Amino acid sequence: MDPPAAKRSRGGPAGPEERDARAGAARGRGRPEALLDLSAKRVAESWAFEQVEERLSRVPEPVQKRIVFWSFPRSEREICMYSSLGYQPLEGEHDARVPFTRGLHLLQSGAVDRVLQVGFHLSGNVREPGGPGEPERLYHISISFDRCKITSVSCGCDNRDLFYCAHVVALSLYRIRHARQVELRLPISETLSQMNRDQLQKFVQYLISAHHTEVLPTAQRLADEILLLGSEINLVHGAPDPTAGAGIEDANCWHLDEEQIQEQVKQLLSNGGYYGASQQLRSMFSKVREMLRMQDSNGARMLILMTEQFLQDPRLALWRQQGAGMTDKCRQLWDELGALWVCVVLSPHCKPEERASWLQLLCKWDKLEVCPLEEGNYAFDGPSLQPTAAPSSGRRGGPEVEAAGSRHTVFSRALQAGELHWNDAHLQRILASDSYGPSLKGNVGGDKLTFDSQGRPLWLGEPFPTACARVDTLRAHGYPRQALRLAGAMVNTLRLQRRHQLESYKQQKKELLQKGSTCITNTEGWVGHPLDPIGCLCRAFLEACRLEEETLSLYPDEGSEKRKVAYQHVPVPGSPGESYFAMALEVALLGLGQQRALPEGLYAQDKVVRNEEQLLALLEEVELDERLVQVLRKQAGLLLEGGPFSGFGEVLFRESVPMHTCARYLFTALLPHDPDLAYRVALRAMRLPVLESTFPAGEPHPNPLESIMSNRFPRWFILGHLETRQCELASAMLTAAKGDPKWLHTVLGSVQQNIHSPALLFKLAQDACKTAAPASVPPDTTLLGIALELGLQVMRMTLNTMTWRRREMVRWLVTCATEIGPQALMNIMQNWYSLFTPVEAATIVAVTGTTHATLLRLQLDGPQREELWACARTLALQCAMKDPQNCALPALTLCEKNQAAFEAAYQIVLDAAAGGLGHTHLFTVARYMEHRGLPLRAYKLATLALAQLSIAFNQDSHPAVNDVLWACSLSHSLGRQELSAIVPLIIRSVHCAPMLSDILRRWTLSAPGLGPLGARRAAKPLGADRAPLCQLLEAAVAAYITTSHSRLTHISPRHYGDFIEFLGKARETFLLAPDGHLQFSQFLENLKQTYKGKKKLMLLVRERFG
């Protein structure tokens, strides 16, 4: 396979070609590079120096020097990759936190000195300025390298991070940019070999003397072992040389601090609840992809280390023990981990032994009990891409059922990818050439179709998500052109498949339309799929169309203001008129519009929504030109005609994913260019089949989850979200249709048929009302009428279910009707019984509809106002008859200004009293009547209330006490006759002694008959011993006697004091009678005889009363 194409960059680190070109230019313009340097470069890249020494008995010193010189990495891109979380940003956008940027600043400030290269070892010093008031810091750095890769680093700053520190970066960049200024020496062993014995002894002694505190113990130990003839050190030929480069058997890879990777992943997982931790882990995944793209073996190595830490996350065992699902953030990280392993295992250039070792690890991880399972009902052996698919072939069963019964973890797809290969001749030719066609080699696929009718290559025979995983793998491993070629072949295949599907549907259209439903034709959805097939293709196409100046930054996820990505049309080789840009739009719409079953499980369903939104976010970045609009119109038309293969088709599977979000994008994009098509698409997408088959149009569903759980289909955990999206689509159509009655009524019909949530219908009505009547602009009466109609539907839907928002809804409905006019307001008043409860109609509708503000808003003349008032009074009287308990008082209040209506309302109250209207409501209305200046009517209602009341002997805190006292005060003020009439009622209703004595005392304070309606004030107050109060006095005395015996039956010593006080009040009442003193004495004697066993209590009675 061809090497990856050079990446575009600007202002970033230089690549090897640029660096080599710069080196050549330094030697002189137009002068060819020396053959020695060309050869040394090639050897330095691919041969270990030990292999060179074995191949040649003696390597000349100049040749050794050139090989050593060219063995250091020549591209700054690798240095950047190992010292940052992403690519180098544009000039002026450097982030001081990134080690690469800091190292670059140190280099440019001249902080690097004393650079020395000894063989394959580079050392130097870096001086870093200290903070305010701090001294300058000096760091010693040493770097080992081999075959253009840094194999180990050491720095005095003791950096403990995933990546190289800024000082290592500064030294490395110095060596790359100023290679010829670096003092170069051969490996130290070559220098030592030129010394005689005396020189060697002097060298060793000077070395020990310079570093005696550090190396003396080691030097003595080595000397002892060398002097010992049979020691192990004497059995080995030669001696190690850290500057001589790597051996033949040594692995050739960049230095990676495995311990730090493990530690950091462990720490980030322990902080998994924080957004920053998830972002950093995603950055590490991006780093793995970057390494894969550079064909760096550390990509797989780093992924293994991360995976091991993920599996050691203690939360996995806890979640499994508790039977709880992992958090969404954690689930998303595991998904990304599984997808990365698919890319690694499917690598087109890895060695068989590497793939075998990866698969062995994956098998081991896959069998762990804590290994997370892949959520959703996605098939692992799904149908291959074929040119023909009949609607009836999609019935659930077969492989999907088998897959559902076995255990599929997040690594299962990577294990499956291990069975794939790149050896197919047809696949190889697709990847190798843009002009591959049937004229080159014929139909290499045998029985398998390999080209379409226009001679463009097809890729059939494996599931679509698997084929897309190949595209993602090619991009991940640095083969963008090959990825584009395969993606183009897959688009050709999808187009051919769609043509055959449409032909198949046309043959069965009549039968399916008569049936009215269909079984699902796509066994697994492509949007929300674990392998994200549609996203893979879209990103491959869009990446090819990105303008040159668009580059990635070190931290692509950071920054509040994201620049809008600019794309251009890039022609597809071998397909005149085709563009990768247009293909991206076509593929996205094809995937988003696919009719597919909603997967099982909350996370899988949430992932469908999230993936859909991600794809639409990509499309919304695209500015539609005429060419893309044509693609949009064509694809929208095909979606409408797609039958059971399209989510916009005429017949739907009951459990298919709704198209509301996709339709909203299509509607917005098509509206300026083809309004009819835009409305057709949006109206078709308004359906929500899972509810249509459960609830008739216009009826609410009190608990959506319950309704779904009650049948054999999986639960729709995201039903509320889907209904919200449905409402947003309807709102977009209503807003766009403002001023067009035809479309407004069409959209209204669709809303009434398809939306079943009262809360969402109410929100839709509110939005429509706001849109129809903006401030300082004449309202759109048609849209206002539709808003009112939606509000009326909500009222009817919730009339018997009653929600906490009903009051808000009723008030809004009156306001909306007011905006339309008086006739609309009177209509809802006249038809209130089908919309409101009596209380709502009497207390909100009638009152709000006749307020001063409403009358001013309506701008009515005198007759019109009277008509509205008459309608409101009729409504109030009807409500009072239906629910007098709650509506009588509001009806009376509303009818105050009309005598006939007021009398009718009063009569309703009287009739209701005979029918069981409670004393509480009667007292309330009675007080209202007194306030209105109608004391006789108040007295009448008070007597009716007293007739229903009963206050027991121990209920001195009864809720009606104040009402009774008020009624007594009212009767007293009216005169002796009314007072005489109410006394028997008081005696019959009140049995509480303190209350009776209180009433008696109040009546004896002043003469009866107060105010203009009362009798003339008597000469003196009434006496308690004469009629009509004597009866009340007798009743009070009897109540005290009865209550005393009742309390003494179960009295405890701690209540003795209260009882003595009670007797004191009783004596006051007894003394109101002429013979009261005698009666009280007899009463006490009776108590003493009856309760003589309660000696302490009786003693207290004697002390107090004698």
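Look up a bit, the structure's there.
About the thresholds
Residues numbered from 1 in each chain as written. Predicted model: local features only at pLDDT ≥ 70, side-chain atom pairs only at ≥ 80, totals over all residues. Heavy atoms only, no water. Helix = DSSP H or I, 4+ residues; strand = E, 2+ residues; numbered from the N terminus. Contact = heavy atoms within 4.5 Å. Expected span 1.5 Å × (residues − 1). Buried < 20%, exposed > 50% of the residue type's maximum accessible area, 1.4 Å probe, protein only. Polar contact = N/O pair within 3.5 Å; in protein donor to acceptor, adjacent residues only side chain to side chain. 1 Å grid on protein atoms, 1.4 Å probe; cavity = no way out; pocket = protein on both sides within 12 Å on 5 of 7 lines; lining within 4 Å. Points joined across faces, edges and corners; volume = space filled by probe spheres on them. Nonpolar A, V, L, I, M, F, W, Y, C, P; charged D, E, K, R; others polar. Salt bridge = Lys/Arg side-chain N within 4 Å of Asp/Glu carboxyl O. Pairing = 2+ DSSP bridges. Axes fitted to C-alpha atoms, helices over the stretch in contact; angles between N-to-C directions. Core = buried A, V, L, I, M, F, W, Y, C linked by side-chain atoms within 4.5 Å. Patch = residues over 30% accessible without salt bridge, like charges linked within 9 Å, V, L, I, M, F, W, Y side chains within 5 Å. Areas by Shrake-Rupley, 256 points an atom, 1.4 Å probe, with all protein chains shown as cover. Parallel < 35°, antiparallel > 145°, perpendicular 65-115°, else oblique. Left-handed = near helix turned anticlockwise from the far one by under 90°. Phe/Tyr/Trp six-rings, centres within 6.5 Å; stacked < 30°, edge-to-face > 60°. Lys NZ or Arg CZ within 6 Å of the ring centre and 35° of its normal.

(A) Structural view of the environment of leucine 420. Relative to the helices and strands, leucine 420 is located in the loop between helix 19 (412-417) and helix 20 (425-432). Sequence spacing of leucine 420 and leucine 346 is 74 residues, and the spatial spacing of their C-alpha atoms is 7.1 Å. Not counting residues within four places of it along the chain, the set of residues in contact with leucine 420 comprises Leu346, Arg355, Glu462, Thr466 and Arg470.

(B) Highlighting helix 25 (residues 580-592). For helix 25, spanning 13 residues, the distance from its first C-alpha to its last is 18 Å, which sits close to the expected 18 Å at 1.5 Å a residue. In terms of burial, helix 25 is a largely internal element, 13 of the 13 residues being buried. The backbone nitrogen of phenylalanine 581 has a side-chain oxygen 3.0 Å away, supplied by the residue at the start of helix 25, namely serine 579.

(C) Inspection of the layout of surface pockets at higher detail. The computed volume of the second largest pocket comes to approximately 2200 Å³. Taken together, 47 residues form the lining of the second largest pocket, with Leu192, Phe203, Leu207, Ala239 and Pro240 sitting closest to its centre. Breaking the lining of the second largest pocket down by element, the ones donating at least two residues are helix 3 (49-55), strand 1 (112-118), strand 2 (121-128), strand 5 (183-185), helix 8 (188-193), helix 9 (197-210), helix 10 (212-227) and helix 11 (232-235). It is helix 9 that contributes the most residues to the lining of the second largest pocket, 9 residues altogether. Class assignment of the residues belonging to the lining of the second largest pocket gives a composition of 26 nonpolar, 15 polar and 6 charged.

(D) Structural view of the pattern of salt bridges. The tally for this structure, following the rule as stated, stands at 48 salt bridges. Aspartate 146 is the salt-bridge partner of arginine 147, the closest N and O atoms lying 2.8 Å from each other. The burial state of arginine 147 is the same as that of aspartate 146; both residues are buried. Residue glutamate 903 is joined to arginine 937 by a salt bridge in which the shortest nitrogen-to-oxygen separation is 2.5 Å. Residue glutamate 903 is located in helix 42 (residues 899-914), and its partner arginine 937 is located in helix 44 (residues 935-947); the two are separated by 34 residues in the primary sequence. A residue is classified by how much of its surface remains accessible, and glutamate 903, at 29% relative accessible area, is partly exposed. Connected through shared salt-bridge partners, Asp452, Arg456, Arg495, Glu578 and Glu586 make up one network.

(E) Seen up close, the side chain of lysine 1088. Its location among the elements puts lysine 1088 in helix 50 (residues 1076-1090). In this view, lysine 1088 contacts Met1098, Val1101, Arg1102 and Gly1106; residues no more than four positions away in its chain are not counted.

(F) Geometry of the sheet that holds strand 2. Taken in spatial order, the 5 strands line up as 4-3-2-1-5 in an open sheet, and their pairing is mixed. This sheet does not close on itself; its edge strands, each paired only once, are strand 4 (149-155) and strand 5. Taking each pair of neighbouring strands and ignoring which way they run, the sheet shows an average axis angle of 20°. Where strand 1 and strand 2 come together, 5 bridges link them in antiparallel fashion. Paired with valine 112 across the strands is valine 126, a residue of strand 2. The sheet contacts of helix 4 (residues 61-70) involve strand 1, strand 3 (137-146) and strand 5, and relative to strand 5 the element is tilted by about 120°.

(G) Geometry of the nonpolar core. Formed by 310 residues in total, the largest nonpolar core has its most connected members in Trp341 and Ile986. Top contributing element to this core by residue count: helix 25, with 11 residues. Setting aside chain neighbours within four positions, we find tryptophan 341 in contact with Ala300, Leu303, Ile304, Thr307, Trp358, Leu362, Trp365, Phe411 and Ala414.

(H) Summary view of a nonpolar patch on the surface. On the surface, a nonpolar cluster with roughly 240 Å² of combined accessible area is contributed by Phe203, Val204 and Leu207. In this structure, valine 204 sits in helix 9.

(I) Structural view of the pairing of strand 3. Of the strand pairs in this sheet, strand 2 and strand 3 are connected by 8 bridges, and their pairing is antiparallel. Each residue of the ladder has a partner; that of arginine 127, found in strand 3, is leucine 138. As judged from the 6 bridges shared by strand 3 and strand 4, these two strands associate in the antiparallel manner. Residue pairing across strands places serine 142 opposite serine 154, the latter belonging to strand 4. Connecting strand 3 to the next strand, strand 4, in antiparallel fashion are 2 residues, including arginine 147 with a positive phi near 50°.

(J) Expanded view of the environment of asparagine 754. With respect to the helices and strands, the residue asparagine 754 is situated in helix 33 (residues 741-754). Classification of asparagine 754 by relative accessible area gives buried; the value is 4%. As for asparagine 754 and leucine 691, which are separated by 63 residues in sequence, their C-alpha atoms are 8.4 Å apart. In this structure asparagine 754 touches Met686, Arg687, Glu692 and Gln726, once residues within four positions along its chain are discounted. A polar contact of 2.9 Å, which involves the side chain of asparagine 754, links it to the backbone oxygen of serine 750.

(K) Looking closely at the packing of helix 42 against helix 43 (residues 919-931). Running from N to C, helix 42 and helix 43 point in directions that differ by 150°, and their axes come no closer than 11 Å. The pairing of helix 42 with helix 43 is recorded here as roughly antiparallel in orientation. Where helix 42 crosses over helix 43, the handedness of that crossing is left-handed. Together, Phe902, Tyr906, Val909 and Ala913 of helix 42 and Leu922, Val925, Tyr928 and Met929 of helix 43 make up the contact between the two elements.

(L) Summary view of unusual backbone geometry. The step from alanine 1027 to proline 1028 runs through a cis peptide bond, and the omega angle for that step is 5°. Secondary-structure assignment places proline 1028 in the loop between helix 47 (993-1005) and helix 48 (1029-1049). Here arginine 114, not a glycine, exhibits a phi torsion of approximately 55°, which is positive.

(M) Structural detail: the packing of aromatic side chains. Applying the stated criterion to the full structure yields 22 aromatic pairs. When the ring of phenylalanine 69 is compared with that of tryptophan 70, the centres are 5.0 Å apart and the planes differ by 90°; the resulting orientation is edge-to-face. Here phenylalanine 69 and tryptophan 70 have matching classes, each one buried. Three or more aromatic residues joined by ring pairs make a cluster, and in this case those are Phe285, Phe310, Trp334, Trp341, Trp365 and Phe411. Positioned above the aromatic ring of tryptophan 743, the side-chain terminus of lysine 742 is 4.6 Å from the ring centre.

(N) Spatial organisation of helix 36 (residues 806-820). Helix length check: helix 36, at 15 residues, gives a terminal C-alpha distance of 21 Å against a target of 21 Å (1.5 Å per residue), a fit within 8%. Looking at helix 36, one finds that the buried residues are Arg806, Met809, Val810, Trp812, Leu813, Val814, Cys816, Ala817 and Thr818. Looking at the buried side of helix 36, the elements it contacts are helix 34 (758-772), helix 35 (781-798), helix 37 (822-830), helix 38 (838-848) and helix 39 (852-858). Glycine 821, located one to two residues past helix 36, shows a positive phi value of around 150°.

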